[in-house]
Each structure stands twice: as C-alpha cells, then as structure tokens.
Protein chains: 2
Amino acid sequence: MKRIRRLGVFDSGLGGLTVLNEICKYNEGLEIVYFGDTARVPYGSRSDETILSYARQDVRFLMAQEVDAVVVACGTVSAIAIDRLQAEMDIPIFGVIPSAAKAAVESSRTKRIGLIGTAATVRSGAYKRTITQIEPRAEVVAEACPLLVPLIENGCKPDDELAELACKRYLEAFGGGRVDTIVMGCTHYPFYRRTFERLAPGVSFIDIGEALARELASLLPLAKGESTRVSYYVSDSDTGFGEIASRFLTVVEAKEVRPVNIEKY
Amino acid sequence: MKRIRRLGVFDSGLGGLTVLNEICKYNEGLEIVYFGDTARVPYGSRSDETILSYARQDVRFLMAQEVDAVVVACGTVSAIAIDRLQAEMDIPIFGVIPSAAKAAVESSRTKRIGLIGTAATVRSGAYKRTITQIEPRAEVVAEACPLLVPLIENGCKPDDELAELACKRYLEAFGGGRVDTIVMGCTHYPFYRRTFERLAPGVSFIDIGEALARELASLLPLAKGESTRVSYYVSDSDTGFGEIASRFLTVVEAKEVRPVNIEKY
C-alpha cells in the first residue's frame with residue numbers, strides 16, 4: 001500500500017468527529033480532510049439507493065482534495081455502501097464494520113452481542129454477517145434507534161431527560177442479560193456512551209471509531225512524532241458545526257470550517 | 001389570475017400532507033401534484049442558503065409537471081425563501097405565513113401571540129414582521145422546536161412519552177397565560193395538535209395549512225363538484241412514505257408514490 005499521508009474522513013454530520021478524535025489519538029503525522037454532509041444529515045433513515053448516491057459524492061469530493069485513502073466514518077454508509085464504493089473507486093476505502101465486529105467478538109464472553117444503529121444499518125444485516133464470519137456461534141440482537149442521531153445533531157446532551165428516555169427505550173431490547181457486549185453501530189452514539197453505560201450496567205460498549213483507529217494504526221505506514229492537521233469541510237454552513245465540534249473533540253480542534261456544494265460532485 | 005386546475009404542493013417530507021388534507025377539504029376539482037423531499041428532510045435545521053437552493057429545485061420540479069401554481073406547504077421555506085422564489089419563478093407561489101398571521105390576529109383576544117417552528121423559521125422573524133404589519137400592538141413570542149420534525153418523521157405518535165416530553169418542554173416558553181394563541185409554524189406540527197392542546201389548555205392553536213386552504217378557496221376560481229386527484233412524488237423511496245401518509249390523510253389517500261431525482265432540477 002502507498003504511504004498514506006493525506007487521509008479523507010467523512011460522515012453525514014457530527015458523528016464522524018468521534019472517529020476523527022480516535023484516529024488522532026492512535027495515529028500521528030497525518031493531514032486529514034474531514035467532510036461532514038450537514039446539508040443532508042441524517043443518512044440512516046434514507047433508502048439504500050440514496051445513501052449510496054450521497055456516499056459516492058462524498059468520496060469524489062475527498063478524492064478531489066487529493067487524499068491517499070478514505071475513512072468512512074459513518075456506520076450507515078459502512079453498512080450499506082462499502083462494497084460498491086470499494087469496487088467503484090480507485091482509492092483505498094476503510095469502513096467501520098470489520099474492526100468493530102472483531103472488537104465485539106473479542107470483548108464478548110457469552111458471544112451474545114447486541115447492535116444499536118440506524119434503521120438502514122440494522123436493515124442491512126452487515127454486522128450480523130461479519131460477526132458470524134468471525135465467530136459462527138455468535139448470536140446478534142439488533143435494535144434500530146432512529147431518534148438518536150437527530151437528538152445528538154440538535155445538541156441534546158447525554159444527561160438530558162429526552163436523551164435518557166430515548167436511550168432507555170432502545171436498550172430495553174437487550175434487557176435481562178440478553179447480551180454482554182453492544183456495538184454502538186453509529187459514529188454518533190459515543191456522544192451518549194455514559195448514558196448507555198449507566199442504563200445497562202455490566203455491558204461493554206464497543207466504540208466503532210476507536211476500533212477502526214486502532215486497526216488503522218497497525219495498517220498504515222505513518223509518519224511518527226509529527227502532529228496531525230485537520231481541514232474541515234461541511235455541505236451546509238451557519239449551522240454551528242465548528243462550535244459543536246469544538247465541544248466534542250478532545251484531541252483536535254475545529255477552527256476554520258469551509259463550505260462545499262456537495263451536489264456538484 | 002389564470003384558472004388554476006393543476007396545483008403543485010411541496011414540503012420537505014410528511015408535513016405538507018397536513019396542508020394537502022386541508023386543501024382537499026376546502027377545494028374541489030383540482031389535480032394536485034405533491035412532492036415530499038424525503039431524501040433531504042428536515043429543512044428547518046439547515047442554513048438559509050441551503051433551504052433556498054432546495055426550494056428552487058422543488059419548485060422547478062413541480063413546474064416541469066406543468067402545474068398552474070405552487071403551494072409551499074413548508075413553514076421553513078415559507079419563512080426563509082418565499083420572496084426570492086416569488087421574484088425568480090414565473091408562476092404564482094403561495095406561502096403559509098400571510099394567511100396564518102391573519103388567522104392568529106383574528107383568534108387572539110390579548111394580541112399576545114406565540115409561535116412554534118423550526119430553528120430557521122424562528123430565526124427568520126417572518127411571522128413577527130407579518131403579524132405586526134396586521135396588528136401593530138401585537139406581541140409575538142417565538143420558540144424553536146428542532147426535535148419535533150425528527151420525532152414526527154420517525155413515526156413517534158402524539159401520545160408517546162417522548163413526544164409529550166418534547167412538546168411540554170417547548171411549550172414552557174408560553175406558560176402562565178403569556179399568550180392566548182399559538183401559531184403551529186411548521187406543517188408537521190398538526191400531527192401533535194392534541195398533545196399541544198392538552199398541555200396548554202385555553203390556548204388556541206393555529207393550523208397554518210387550514211388557514212392557507214381557506215384562503216385558497218376564496219382566491220382560486222376552482223371547478224366545483226368534481227373530485228380532487230393527487231399524484232405523489234418523493235425524492236427518496238422505500239422509506240414508507242405511502243404507508244405513513246395513508247395513516248395521516250383523512251380526505252385523500254396516498255396510493256402510488258413515484259420517485260424523483262430532485263438534485264437534477
């Protein structure tokens with residue numbers, strides 16, 4: 001593989017920032033171009049065809065920024081469109097599922113594994129296929145959580161009563177020790193990790209961004225000892241992306257955010 | 001004005017169906033072309049520029065269907081983009097604000113009027129301007145309700161605890177008899193009308209679709225005694241629009257729903 005110095009990362013909106021944060025924790029010396037499709041968020045409630053068409057535009061935009069590889073920092077695109085993107089585009093493309101499935105199987109003692117994700121991610125069955133390829137005895141219980149991305153994108157905090165009520169309702173599917181590990185199958189969900197953990201004590205939650213970032217660190221021949229720089233692009237401006245991003249990012253800061261007309265790509 | 005037989009109606013998604021329902025109650029003999037931009041819903045959390053660009057495509061699609069006039073069945077577009085659309089497009093375009101403002105002033109005894117709407121609608125100040133043009137002594141109190149459209153679009157019913165909690169929080173801005181009338185400034189909100197009315201007894205809620213439909217009935221030289229037919233188009237398929245629409249429409253049924261690639265318009 002060509003040495004990767006310039007890495008493209010995209011998501012439908014804010015969720016990919018959790019992945020970006022983890023990539024910056026585990027990797028050094030990168031130039032990262034981050035794109036958040038804030039004009040068309042959320043992806044997870046849309047049809048497979050629309051998700052694929054949006055993802056193609058996102059990758060083409062990042063390729064126009066001359067990145068050496070693309071990270072799909074979106075659980076929905078990783079579940080629905082990754083095979084097509086990898087087949088069609090002449091650039092290495094990394095999705096979040098293989099590393100997350102591996103981390104879940106390693107974490108689970110009982111091999112009863114839960115999945116929370118968008119409607120599209122759950123409908124795809126991608127996690128179940130990947131997890132049972134690694135561990136054929138594994139049982140996967142999946143629950144679609146369509147309201148979590150809108151809650152997070154609208155700034156609803158983890159200890160807000162609305163967030164708690166929504167998380168509690170979705171976690172009921174896993175009650176009574178039905179699983180010992182739950183994959184947070186959407187890159188937005190780490191924003192509510194503390195809430196999930198409080199509501200489901202004893203369950204391990206897998207951060208798909210962290211799993212991917214660890215795997216990237218072992219795969220990519222990266223420069224060490226240099227700092228990582230990030231350029232931010234969004235398809236919709238004036239929606240407070242920079243401010244919200246700064247609140248959530250612990251490793252990198254979102255300062256300048258530039259607009260992109262994504263429908264042109 | 002040219003006789004209007006074929007009427008285009010659009011919204012970001014499901015909300016416009018409440019307007020469609022009212023138009024069909026108060027008008028007869030129309031051919032209606034309904035477009036729901038389900039691939040890009042919600043509009044209300046996006047920037048003014050993006051909302052205008054989406055609205056232009058929506059109108060151009062309806063004009064390509066040879067409609068005689070367009071109803072903007074979207075509170076956000078009516079607040080943000082109506083002047084530009086009316087100036088740019090060579091077709092009569094009706095927004096929801098003038099008729100709703102008039103209905104609110106007529107309904108209010110105290111002339112203290114509330115507005116609930118999307119972030120973009122509240123930010124625009126359009127209701128305040130229009131209401132105080134009609135009644136200079138009127139006081140307008142506005143509250144942005146960014147979570148209501150995602151809740152409704154994701155099928156959260158009016159008696160659901162999540163819907164109640166969200167509505168209750170947003171209505172707190174109007175507590176203690178601060179207003180006697182509240183404009184539901186987004187065409188999705190009539191889905192939660194019963195919840196609003198239970199939480200704010202004694203307050204009159206204005207349905208912007210009903211206000212517009214009554215006004216249209218007085219303006220349009222329509223054929224009487226004939227039934228109205230509706231064709232449905234959406235920008236995203238497979239997301240259950242037809243089924244959800246059928247649940248909500250009382251006057252017309254959503255049977256066949258056709259897909260549109262809206263980014264081409």
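Because the structure is a prediction, the values reported are computed rather than measured.

A tally of helices and strands in chain A yields 12 helices and 10 strands. Taken over the C-alpha trace, chain A has a radius of gyration of 17 Å; the compact-globule value for 265 residues is 18 Å, and the two agree within 12%. Projected onto the principal axes, the alpha-carbon positions of chain A cover approximately 50 × 40 × 40 Å. Across the 265 residues of chain A, 60% fall into the buried class. Surface summary for chain A: the accessible area is close to 10,500 Å², and the carbon and sulfur share equals 46%. Here chain A carries 32 positive and 35 negative side-chain charges, and the mean point of each set is 3 Å from the other.

Glancing now at helix H1 (residues 16-26) of chain A. With respect to burial, H1 of chain A is a largely interior element, 9 of its 11 residues being buried. Considered for burial, the residues of H1 of chain A that qualify are Gly16, Leu17, Thr18, Val19, Leu20, Asn21, Glu22, Ile23 and Cys24 of chain A.

Residues and elements named next belong to chain A. Ordered in space as S6-S5-S7-S8, the 4 strands form an open sheet in which the pairing is parallel. Of all strands in the sheet, those bounded by a partner on one side alone are strand S6 (139-144) and strand S8 (204-207). Taken pair by pair, the neighbouring strands of this sheet meet at an average axis angle of 25°, ignoring direction. Here helix H11 (residues 208-219) sits on the sheet and contacts strand S7 (181-184) and S8; the angle it forms with S8, its principal contact strand, is near 55°.

Taken as rigid bodies, chain A and chain B are interconverted by a rotation of 180° and an axial shift of 0.0 Å, the fit giving an RMSD of 0.0 Å. Both copies are brought into coincidence by an operation consistent with a two-fold rotation axis. Considering only C-alpha atoms, the part of chain A nearest the rotation axis is Arg40 of chain A, at 2.7 Å. Residue by residue, 100% of the interface of chain A is reproduced at the interface of chain B, so both copies engage with the same surface.

For the rest of this paragraph, the subject is the environment of Glu66 of chain A. Tracing the backbone shows Glu66 of chain A in the loop between helix H2 (48-64) and strand S3 (69-72). C-alpha of Glu66 of chain A to C-alpha of Ile208 of chain A: the two residues are 142 residues apart in sequence and 26 Å apart in space.

Turning to the sheet that holds strand S3 (residues 69-72) of chain B, a few remarks are in order. The strands making up a sheet are joined through hydrogen bonds of the backbone, oriented either antiparallel or parallel. Residues and elements named next belong to chain B. The 6 strands lie next to each other as S4-S3-S1-S2-S9-S10, forming an open sheet whose pairing is parallel. Looking along the sheet, the strands with just one partner apiece sit at the ends: strand S4 (93-94) and strand S10 (257-259). The pairing of strand S9 (residues 229-234) with S10 spans 3 bridges and is classified as parallel. Looking at S10, one finds that Tyr233 is bridged to Arg258. Contacts from helix H2 (residues 48-64) reach strand S1 (6-11), strand S2 (31-36), S3, S4 and S9, with the element oriented near 155° to S1.

Residue and element names in this part refer to chain B. Checked against the element boundaries, Arg193 lands in helix H10 (residues 193-199). Setting aside anything within four residues of it in sequence, one finds Arg193 in contact with Met184, Phe205 and Asp207. Within the structure, Arg193 has its side chain in polar contact with the backbone oxygen of Phe205 (distance 2.8 Å).

Thresholds applied
Residues numbered from 1 in each chain as written. Chains lettered and ligands numbered in written order. Predicted model: local features only at pLDDT ≥ 70, side-chain atom pairs only at ≥ 80, totals over all residues. Heavy atoms only, no water. Helix = DSSP H or I, 4+ residues; strand = E, 2+ residues; numbered from the N terminus. Rg over C-alpha atoms; globule rule 2.2 N^0.38 Å. Buried < 20%, exposed > 50% of the residue type's maximum accessible area, 1.4 Å probe, protein only. Areas by Shrake-Rupley, 256 points an atom, 1.4 Å probe, with all protein chains shown as cover. Lys, Arg positive; Asp, Glu negative; His and termini not counted. Charge placed at Lys NZ, Arg CZ, Asp CG, Glu CD. Pairing = 2+ DSSP bridges. Axes fitted to C-alpha atoms, helices over the stretch in contact; angles between N-to-C directions. Contact = heavy atoms within 4.5 Å. Least-squares fit on C-alpha atoms with pLDDT ≥ 70 in both. Polar contact = N/O pair within 3.5 Å; in protein donor to acceptor, adjacent residues only side chain to side chain.

This is a description of form; function is not addressed.
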